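Structure at a glance
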Amino acid sequence: MQMKTDLQKSSEKIKQEAAKLGFTDCKIAPVHYLANDAKQLKQWLSAGMHASMRYMENHFEKRTDPGKLVAGAKSVIVLLLNYFPPEKQSNKDKLVVSKYAYGRDYHKVIKAMLNKLQQTIRNEIVSHEGRVFVDSAPVLERAWAARAGAGWVGKNANLISPEHGSFVFIGELIIDVGLAYDKPIKDFCGSCTKCIEACPTNAILSPKIIDSRRCISYWTIEHKGPIPETFRKKFNNGIFGCDICQDVCPWNNKVKPHNIDDFLPSPDLMAMTKKVWQDLSEDTFNRLFKKSAIKRVKYSGLRRNIRFVAGY
Ligand code: SF4
Ligand code: SF4
């Protein structure tokens, strides 16, 4: 059996290695059943707020109990990676994409980093069985990140790190050994309601409850088929995702930009005018977004969004 000081040393070493690999933060939570989150998820699903995202209904038990994903799971190591860009698109006269999609597909970048971290932990810190996750399996990432004390879940339903804001990707390494754990932190939203007021489609029904059927991110990324006319002129020039409820959050005012080359937008993307978006050919789409998360909506999906937002 490992002594408490050994556990602390292992956890500290894991955090040091995570920092060396470039992760913005690393916190660790003990595995247990997420009873409250399970209840909230059930209510959200039964109210139909997941819209056509039927996959959210699958693997309910795995979502709330990591022991169903990794046999004997004991620890969830949560990793944050800042993607707040040094330079931003302007939606004043241009069509814009969500900041998370500026550069290379984050799934690939983070998975490679997580795999390296797991290898180092195995080789140098503690032998274990486990799996890495980044938005790729049924893991309640924000809930685990909050449990681990990496931040709190804000009224806009994003994880907010007090040091790094909410423009952070979340990855996890779930392993079958115990470690020293971090404690959850306080919710610092207080009386602020900026995100709720700023949402152009009133998708934040109450703190932390987002109705996908009203959310621009849902309509521009997840939805197949035409976008309802009721949302015409409400997307604030967003053609892939939406950052509005994060842009207005005071916790993002002073965050430092990332320094990850993979997440930098191409000069072509930054230079695109409304006219260039409207004339976008399939060949240009394939060239520009070959390595981007934007390719998920395919050329046809992005064309639909551009047409809907640019109104032609
Ligand atoms: S992402 Fe956009 S549409 Fe969705 S809740 Fe936030 S501000 Fe509203
Ligand atoms: S805008 Fe205000 S209420 Fe919304 S998440 Fe940020 S701090 Fe919380």
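This report concerns the structure included in the present document. (Residues numbered from 1 in each chain as written. Chains lettered and ligands numbered in written order. Predicted model: local features only at pLDDT ≥ 70, side-chain atom pairs only at ≥ 80, totals over all residues. Heavy atoms only, no water.)

For the rest of this paragraph, the subject is the side chain of Asp211. Inspection of the secondary structure assignment puts Asp211 in the loop between strand E9 (209-210) and helix H7 (216-222). You can call Asp211 buried: its relative accessible area is 6%. Within the structure, Asp211 has its side chain in polar contact with the side chain of Arg213 (distance 2.9 Å). The contacts of Asp211, once residues within four sequence positions are left out, are Met49, Ala203 and Leu205. (Helix = DSSP H or I, 4+ residues; strand = E, 2+ residues; numbered from the N terminus. Buried < 20%, exposed > 50% of the residue type's maximum accessible area, 1.4 Å probe, protein only. Polar contact = N/O pair within 3.5 Å; in protein donor to acceptor, adjacent residues only side chain to side chain. Contact = heavy atoms within 4.5 Å.)

The next subject is the site of ligand 2. The local shell around ligand 2 consists of Gly154, Lys155, Asn156, Ile160, Cys189, Cys192, Lys194, Cys195, Cys249, Pro250 and Trp251. Judged by its atoms lying within 2 Å of the grid points, ligand 2 is housed in the largest cavity. Residue composition of the shell around ligand 2, by class: seven nonpolar, two polar and two charged. Domain assignment of the residues forming the shell around ligand 2 places at least three in each of domain 1 (4-86 + 104-175) and domain 2 (194-257 + 264-310). (Near = heavy atom within 4 Å. 1 Å grid on protein atoms, 1.4 Å probe; cavity = no way out; pocket = protein on both sides within 12 Å on 5 of 7 lines; lining within 4 Å. Sits in = over half its atoms within 2 Å of the grid points. Nonpolar A, V, L, I, M, F, W, Y, C, P; charged D, E, K, R; others polar. Domains from an automatic or database assignment.)

Here the focus is the packing of aromatic side chains. Enumeration according to the criterion identifies 17 aromatic pairs in this entry. Pairing Trp152 with Trp251 gives two aromatic rings, centres 5.0 Å apart and planes at 80°, and the pair type is edge-to-face. Placement of Trp152 in strand E5 (residues 152-153) and of Trp251 in the loop between helix H8 (244-247) and helix H9 (267-271) is noted, with a sequence separation of 99 residues between them. A residue is classified by how much of its surface remains accessible, and Trp152, at 2% relative accessible area, is buried. Look at Trp251 and you get partly exposed, because its relative accessible area is 30%. (Phe/Tyr/Trp six-rings, centres within 6.5 Å; stacked < 30°, edge-to-face > 60°.)

With that settled, consider a nonpolar patch on the surface. A surface patch of nonpolar side chains, amounting to about 240 Å² of accessible area, comprises Ile185, Phe188 and Trp251. Tracing the backbone through its elements, the reader meets Ile185 in the loop between strand E7 (168-175) and helix H6 (194-198). (Patch = residues over 30% accessible without salt bridge, like charges linked within 9 Å, V, L, I, M, F, W, Y side chains within 5 Å. Areas by Shrake-Rupley, 256 points an atom, 1.4 Å probe, with all protein chains shown as cover. Salt bridge = Lys/Arg side-chain N within 4 Å of Asp/Glu carboxyl O.)

On to the site of ligand 1, then. The environment of ligand 1 is formed by Cys199, Thr201, Ala203, Ile204, Cys215, Ile216, Ser217, Cys242, Ile244 and Cys245. The set of elements that each furnish at least two residues to the shell around ligand 1 consists of H7 and H8.

Remember, this is a structural readout, not a statement about activity or role.
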